[in-house]
Amino acid sequence: MAHFEKAKNLNEWLDQRLAINTLKRVLNTEYWIPKDINFLWAMGMVLAATFGILVLSGIFLLMYYKPDTNLAFDSVNYTIMSEVGYGWLWRHIHGVGASIVFLIIYIHMFTGIYYGSYKKGRELIWLSGMALFVAFSAEAFSGYMLPWGQMSYWAGMVITNLFSGGSLEAYGLVEWIRGDYVPGDAFLTRFFMLHVFLIPLVIIGLIVLHFGTLRIPHVNNQEGAEIDFKEAADLWKSGKKKESKVIPFSPVFLSKDVFVMGVYFILFFYLVFYNFNFAMDPVNFDPADGLKTPAHIYPEWYFLWSYEILRPFGKDAGLIAFGIAQLALFFLPFIDRSPNVAPAHKRGLFQVWFWVLLVDMIVLTAMGKLPPTDPTFAWIGLVSAWTFLALGPILFIITMFEKKIEKGA
Amino acid sequence: MRELKILAVVVFFSLLTYYLVEPYAHHEMHKKVDAQGNEIKIESHGFTYNGADDIEEAVRAGDTARVEAKKAFWAEVAEVARLKGDATAGEAGFGLCMGCHNGANMNMGSVIPPNLDHAGALYDKNYLIALIKDPAMASNVDHKYADTMMHPMGSIKSMMSDKQQIADVVAYLLKNKAGEVTSKEAFMEACVRCHAVRYGKLTQLGETPAFKYEKDALAHKIKVIDEQDAVKAYMGKLPPDLSMIIRARSEHFMETFIENPQSQLAGTSMPRVGLNHEGYEKVKAYLTEVGDPSKEKREALGPIVIGFFILFSLLALLWKKSQWRDLH
């Protein structure tokens with residue numbers, strides 16, 4: 001066993017056993033962040049904070065929620081809303097958080113794409129981030145099942161039907177997933193387990209990995225400049241703060257993070273207290289009824305774009321397109337052949353590509369919710385789905401010819 | 001400043017997406033169009049009843065006979081409305097109503113007749129006149145009784161056909177059955193015979209009492225099931241429990257639906273209830289109390305929490321400024 005001196009204070013006692021001073025240095029005071037970044041880089045912390053809030057509010061809801069098809073709806077809408085002290089507050093925080101977290105994820109993702117933060121050396125940051133996105137999607141979907149309203153039931157029906165594999169008609173698989181012929185008690189309890197235990201565990205693991213992937217390549221910056229972090233850190237440590245291109249995470253960048261979080265929480269709690277409805281589909285306040293299909297079945301807003309890639313095609317083609325859409329963004333670092341790590345506005349055609357992607361995803365999102373019976377909407381949906389599918393190969397081609405930007409240009 | 005420009009871009013695209021998936025999509029989803037593809041605008045008329053909607057519906061359906069019948073009916077209603085009713089004379093006529101509307105909570109001809117204790121306060125005058133003249137036409141469910149069935153209150157047509165008598169009875173109701181009414185009473189009188197509210201402990205038989213012995217509770221439950229079966233047989237399906245309806249339907253839907261159920265749900269067997277504006281407000285207040293019980297607490301706590309985060313952000317801004325002062 002190692003030799004321990006008598007510690008003078010608690011800090012020293014802990015440092016001897018946990019090396020907390022080293023940890024603090026590595027993770028905070030000497031974790032170097034480029035100086036040249038804007039508030040969009042605070043979205044990571046905003047996401048971490050929102051996830052924390054979701055876990056906390058989820059724990060309170062978990063105490064009173066009943067994963068039973070006969071009791072679930074009322075346990076959410078009556079017990080938690082009327083009988084539990086501040087149950088309504090936890091529920092609205094959880095509901096708003098679940099929706100807003102996706103807005104922030106999308107902002108975070110598009111920031112990464114705009115500034116080329118997925119490129120050379122940072123591929124793992126992108127891949128672990130995309131894995132997080134998938135895990136969050138599964139978490140959101142499983143959570144949406146729990147109140148057992150009409151949309152919970154029918155969205156569960158539609159999404160699990162995807163596993164029948166189109167013309168393969170693999171209904172055995174669908175029934176295996178549901179544990180029944182239709183979504184029922186087995187379905188609800190297993191999604192409950194996924195939502196409150198397994199997927200959160202996976203998310204926490206992935207968050208740790210995502211943070212870990214940042215440590216060596218470091219976060220990108222507004223100009224995509226390559227920084228010699230060691231040299232810049234030495235400048236900072238010698239007191240030349242103005243000359244140094246980096247700042248320590250704590251307290252300097254943290255002070256900006258905290259300010260951005262403060263502003264974000266003003267919006268967040270405005271929604272919780274005055275506009276929680278935006279996050280809750282009214283249809284889900286009708287209890288699940290397997291004998292009554294809602295007039296329109298659509299997912300929550302954050303899944304609409306990929307739902308619309310599925311919808312305008314036939315059975316099998318739709319499923320294949322949907323599969324491609326789910327995986328396409330993972331490959332971004334490998335499709336983009338350009339040698340440049342630079343913001344889109346410096347990369348010529350890539351800038352056009354970026355805005356087309358953004359607008360296309362918004363159009364897909366809008367069309368995903370609109371009734372497909374309208375021929376105009378159906379046509380726009382089809383065109384935008386094809387656009388999305390074509391954007392990958394197009395990116396490959398345009399970035400192949402992208403010229404290297406000269407340093408200092 | 002660059003960061004503000006970026007913020008503006010982020011806010012613009014977020015709001016655009018919000019607009020498209022919320023107000024715009026909902027408008028498109030709930031759009032109603034007639035046979036010619038023209039959009040039908042469903043409007044509330046402030047809970048006054050003159051048959052305009054009913055005639056329009058008949059015109060849209062292209063059923064000339066029905067248009068004429070509706071026009072004639074509502075013209076007669078207007079004619080009765082112009083007569084000066086005598087409340088004292090109306091009392092005798094009201095005696096005829098008491099046979100059924102006696103508060104005995106007994107199922108008569110498929111449904112329990114509503115309690116009329118506050119009918120004068122809750123229902124519109126024109127509607128009351130129309131209802132006495134022809135209950136099916138007034139409720140805009142005449143399509144349901146076109147062939148064989150008889151409206152449970154249909155006998156009133158033969159019992160009270162004199163225009164002056166109708167005007168007198170309505171005058172009696174407006175004068176003697178007005179009084180102050182709580183939101184719960186309003187709901188009980190207008191809606192509860194068909195709709196349960198389990199979060200408010202209401203069934204089709206009214207408020208569920210507290211029972212000392214389980215066998216009494218079970219006996220009551222059986223009565224409720226019997227009554228629900230009767231309502232189900234009469235309406236075609238058991239009308240939904242309204243505990244959460246205030247959250248499940250938009251304000252616009254609720255208003256136009258209660259004013260004229262056919263407007264939002266063509267062919268529904270739900271009758272027009274005939275609530276006046278105050279009556280509707282009372283019913284809505286009850287449904288809000290049950291379905292959205294945290295409203296007051298939200299409004300009380302909201303400013304404090306938001307105020308805290310405004311202060312928090314200001315302090316954070318000062319901290320950030322002090323940390324970044326020497327950096328550029």
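These numbers come from a predicted model, not from an experiment.

(A) Summary view of the overall build of chain A. The helix and strand tally for chain A stands at 16 helices and 2 strands. The C-alpha radius of gyration computed for chain A amounts to 24 Å, which stays within 12% of the reference 22 Å derived for 409 residues, consistent with globular compactness. Taken over the C-alpha atoms alone, chain A extends approximately 70 × 60 × 45 Å along its principal axes. In chain A, once contacts between residues fewer than 6 apart in sequence are set aside, the share between residues at least 24 apart is 77%. In the structure as shown, chain A presents an accessible area of about 18900 Å², 69% of it carried by carbon and sulfur atoms. A distance of 11 Å separates the average location of the 31 positive side-chain charges in chain A from that of its 32 negative side-chain charges.

(B) Up close: the overall build of chain B. Scanning chain B from terminus to terminus reveals 16 helices and 4 strands. When its C-alpha atoms are laid out on the principal axes, chain B stretches across 95 × 60 × 40 Å. Expressed as a percentage of the 328 residues in chain B, the buried residues total 46%. Taking the contacts inside chain B whose residues are at least 6 apart along the sequence as the reference set, 71% of them involve residues at least 24 apart. By element, 60% of the accessible surface of chain B is carried by carbon and sulfur atoms, the whole surface being about 17200 Å².

(C) Representation of the pattern of salt bridges. All names here are of chain B. Scanning the model with the defined rule gives 31 salt bridges over all chains in all. Between Glu 56 and Arg 60 there is a salt bridge whose closest N-O contact spans 3.0 Å. With Glu 56 and Arg 60 both in helix H2 (residues 52-61), this residue pair falls 4 residues apart, about one helical turn. As a salt-bridge pair, Lys 184 and Glu 207 come within 2.6 Å of each other at their nearest N and O atoms. Highlighted residues: Lys 184 in helix H10 (residues 183-190) and Glu 207 in strand S4 (residues 206-207), separated in sequence by 23 residues.

(D) Looking closely at unusual backbone geometry. Residues A:Ser250 and A:Pro251 are joined by a peptide bond in cis, for which omega reads 0°. Position of A:Pro251 among the secondary structure elements: in helix H11 (residues 249-274). Look at B:Asn140: it is not a glycine, yet its phi comes out positive at around 60°.

(E) Representation of the side chain of B:Ser294 in the model. With respect to the element layout, B:Ser294 can be found in the loop between helix H15 (277-291) and helix H16 (295-324). Looking at B:Ser294, the relative accessible area reads 0%, which means it is buried. Setting aside residues no more than four positions away along its own chain, B:Ser294 makes contact with A:Met81, A:Trp88, A:His92 and B:Arg247.

(F) Region of interest: the packing of helix H1 (residues 10-18) of chain A against helix H2 (residues 20-29) of chain A. All names here are of chain A. It is at 7 Å that the axes of H1 and H2 come closest, and there the two elements cross at 80°. The angle between H1 and H2 places the two elements in the roughly perpendicular class. Residue-level inspection shows Asn 11, Leu 14, Asp 15 and Leu 18 of H1 in contact with H2, the latter providing Ile 20, Asn 21, Thr 22 and Leu 23. Taken together, the residues of the contact of H1 with H2 break down into 4 nonpolar, 3 polar and 1 charged.

(G) Layout of the packing of aromatic side chains. Residues and elements named next belong to chain A. In total, this model carries 52 aromatic pairs over all chains according to the counting rule given. Seen in terms of ring centroids, Phe 141 and Phe 191 are 5.7 Å apart; in terms of plane orientation they differ by 80°. Their pairing is edge-to-face. You can see Phe 141 sitting in helix H6 (residues 123-145) and its partner Phe 191 sitting in helix H9 (residues 185-215), a full 50 residues away along the chain. No difference in accessibility class separates Phe 141 from Phe 191, as the two residues are buried.

(H) Layout of a nonpolar patch on the surface. Residues and elements named next belong to chain A. There is a patch of nonpolar side chains on the surface, built from Leu 62, Met 193, Val 196, Phe 197, Leu 198, Leu 201 and Val 202 and spanning about 560 Å² of accessible area. Sorting elements by how many residues they give to the nonpolar patch places H9 first, with 6 residues. With respect to the secondary-structure elements, Val 196 resides in helix H9.

(I) Focus on the nonpolar core. Ranked by size, the top nonpolar core spans 190 residues in total, and within it A:Phe102, A:Ile113, A:Phe268, A:Phe269, A:Trp353 and B:Phe187 carry the most contacts. Ranked by residue count, the leading element in this core is helix H5 (residues 87-114) of chain A, at 15 residues. With sequence-adjacent residues up to four places away left out, A:Phe269 is seen in contact with A:Ile93, B:Val305, B:Ile306 and B:Phe309.

(J) Seen up close, the environment of B:Asp241. Residues and elements named next belong to chain B. Considering the arrangement of structural elements, one finds Asp 241 in the loop between helix H11 (214-235) and helix H12 (245-248). Measuring from C-alpha to C-alpha, the distance between Asp 241 and Arg 198 comes to 6.9 Å, with 43 residues separating the pair along the chain. What Asp 241 contacts, discounting residues up to four positions off in sequence, is Ala 196, Val 197 and Arg 198. Side-chain polar atoms of Asp 241 contact the backbone nitrogen of Arg 198, separated by 3.0 Å. In this structure the side chain of Asp 241 is engaged in a polar contact, spanning 2.5 Å, whose partner is the side chain of Ser 243.

(K) Expanded view of the interface of chain A and chain B. Each partner contributes residues to the interface: chain A has 65 residues there, and chain B has 49 residues. Of the roughly 5100 Å² buried at the junction of chain A and chain B (both faces included), carbon and sulfur atoms supply 71%. Counting across the interface, chain A meets chain B through 5 salt bridges. Close ionic contact of A:Lys369 with B:Glu22 constitutes a salt bridge, the shortest N to O distance being 3.4 Å. Along the contact surface separating chain A from chain B lie 15 residue pairs in polar contact (both at pLDDT 80 or more).

(L) Expanded view of helix H8 (residues 171-178) of chain A. Residue and element names in this part refer to chain A. Within the sequence span of H8, burial applies to Val 174, Ile 177 and Arg 178. Along the axis of H8, the buried positions cluster into a sector of 95°, meaning they face one direction only. Contacts from the buried residues of H8 go to helix H7 (150-161) and H9.

(M) Structural context of the side chain of B:His101. Residues and elements named next belong to chain B. Relative to the assigned elements, His 101 resides in the loop between helix H4 (87-98) and helix H5 (119-122). By relative accessible area, His 101 is classed as buried at 15%. Of note is the side chain of His 101, whose polar atom sits 2.8 Å from the backbone oxygen of Pro 114. For His 101, the residues in contact, after removing those within four places along its chain, are Pro 113, Pro 114, Leu 116 and Met 153.

(N) A look at the confidence of the model for chain B. Residue and element names in this part refer to chain B. In this model, chain B carries an average pLDDT of 93, and 100% of its residues clear a pLDDT of 70 or more. Mean pLDDT across the elements of chain B bottoms out in helix H8 (residues 156-159) (84) and peaks in H16 (97). With pTM at 0.94, the complex prediction returns an ipTM value of 0.95.

(O) How the structure looks around the packing of helix H4 (residues 72-83) of chain A against H5(A). All names here are of chain A. Put simply, H4 and H5 touch, their axes get as near as 6 Å, and they point 125° apart. When the axes of H4 and H5 are compared, the pair comes out oblique. Where H4 approaches H5, its residues Val 76, Asn 77, Ile 80 and Met 81 are matched on the opposing element by Gly 87, Trp 88, Arg 91 and His 92. For the contact of H4 with H5, a count of residues per class yields 4 nonpolar, 3 polar and 1 charged.

(P) View of the environment of B:Asp326. Here B:Asp326 is to be found in the segment after H16. For B:Asp326, a relative accessible area of 44% corresponds to the partly exposed category. Considered as a pair, B:Asp326 and B:Lys32 are 294 residues apart in the sequence and their alpha carbons are 63 Å apart. Each residue touching B:Asp326, except ones within four places of it in the same chain, is listed here: A:Lys241 and A:Lys242.

Reading the values: the criteria
Residues numbered from 1 in each chain as written. Chains lettered and ligands numbered in written order. Predicted model: local features only at pLDDT ≥ 70, side-chain atom pairs only at ≥ 80, totals over all residues. Heavy atoms only, no water. Helix = DSSP H or I, 4+ residues; strand = E, 2+ residues; numbered from the N terminus. Rg over C-alpha atoms; globule rule 2.2 N^0.38 Å. Contact = heavy atoms within 4.5 Å. Areas by Shrake-Rupley, 256 points an atom, 1.4 Å probe, with all protein chains shown as cover. Lys, Arg positive; Asp, Glu negative; His and termini not counted. Charge placed at Lys NZ, Arg CZ, Asp CG, Glu CD. Buried < 20%, exposed > 50% of the residue type's maximum accessible area, 1.4 Å probe, protein only. Salt bridge = Lys/Arg side-chain N within 4 Å of Asp/Glu carboxyl O. Axes fitted to C-alpha atoms, helices over the stretch in contact; angles between N-to-C directions. Parallel < 35°, antiparallel > 145°, perpendicular 65-115°, else oblique. Nonpolar A, V, L, I, M, F, W, Y, C, P; charged D, E, K, R; others polar. Phe/Tyr/Trp six-rings, centres within 6.5 Å; stacked < 30°, edge-to-face > 60°. Patch = residues over 30% accessible without salt bridge, like charges linked within 9 Å, V, L, I, M, F, W, Y side chains within 5 Å. Core = buried A, V, L, I, M, F, W, Y, C linked by side-chain atoms within 4.5 Å. Polar contact = N/O pair within 3.5 Å; in protein donor to acceptor, adjacent residues only side chain to side chain. Buried area = accessible area lost by both parts, 1.4 Å probe. Arc of directions from axis to C-beta. pLDDT = per-residue confidence, 0-100.

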